[in-house]
Amino acid sequence: MDKSRRKELIEAYKQIKTYMGVIRITNRKTGKMYIDSYPNLKNKWLTIQSQLDMGRFANAELQKDWKELGADAFDYEVLEMKETKDVTDMRWELKQMLKPWLARLQPYGDRGYNKPPRE
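The rules behind each value
- Residues numbered from 1 in each chain as written.
- Predicted model: local features only at pLDDT ≥ 70, side-chain atom pairs only at ≥ 80, totals over all residues.
- Heavy atoms only, no water.
- Helix = DSSP H or I, 4+ residues; strand = E, 2+ residues; numbered from the N terminus.
- Rg over C-alpha atoms; globule rule 2.2 N^0.38 Å.
- Buried < 20%, exposed > 50% of the residue type's maximum accessible area, 1.4 Å probe, protein only.
- Contact = heavy atoms within 4.5 Å.
- Areas by Shrake-Rupley, 256 points an atom, 1.4 Å probe, with all protein chains shown as cover.
- Axes fitted to C-alpha atoms, helices over the stretch in contact; angles between N-to-C directions.
- Parallel < 35°, antiparallel > 145°, perpendicular 65-115°, else oblique.
- Nonpolar A, V, L, I, M, F, W, Y, C, P; charged D, E, K, R; others polar.

K.L.:
Just give me the short version of the overall build of the protein chain, but keep the residues and values in it.
P.N.:
Helix and strand counts for the protein chain come out as four helices and three strands. If you list the helices and strands of the protein chain from N to C, you get α-β-β-α-α-β-α. Expected size for 119 residues packed as a compact globule is a radius of gyration near 14 Å; at 17 Å, the protein chain overshoots this value by more than 25%. For the protein chain, the C-alpha atoms occupy an extent of roughly 55 × 30 × 20 Å along the three principal directions. Within the protein chain, the proportion of its 119 residues that are buried is 35%. In the protein chain, 60% of the contacts between residues at least 6 apart in sequence involve partners at least 24 apart. Total accessible area on the protein chain is roughly 8600 Å²; 49% of this is exposed by carbon and sulfur atoms.

K.L.:
Outline the packing of helix α2 (residues 44-53) against helix α3 (residues 60-69), supporting the account with residue identities and numerical values.
P.N.:
Between α2 and α3, the least distance of the axes is 9 Å, while the angle of their chain directions is 80°. Of the possible angle classes, the one that applies to α2 and α3 is roughly perpendicular. For the pair α2 and α3, contact is made by W45, Q49, Q51, L52 and D53 and by L62, Q63 and W66, respectively. A breakdown of the residues in the contact of α2 with α3 according to their chemical character gives four nonpolar, three polar and one charged.

On their own, these measurements won't tell you what the molecule is for.
This is the structure we're talking about:
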């Protein structure tokens, strides 16, 4: 590949927008939900589904229900997204995005798969 084509491809790659955000996975049978934030939402549902299908998702309770009920029992939605272009502290930004959703939806205990925040 010549240098000008390489430079052109690099510039094109830099122009691709990336979005971070907060997602919700809802168990349609029980109404329980899982809420989390991720630095890159592109293809995130496919990634999560793969992890759940292989039995490697971090949340054991959601993993158990997925195995018992199957993929068709769950819905995925993006609750909030933000372009990552000007973000300097991704971890902090994601926490700030996640907090109000957890406070509003309270996905704990019988309502969800998240662990309650520590006091």
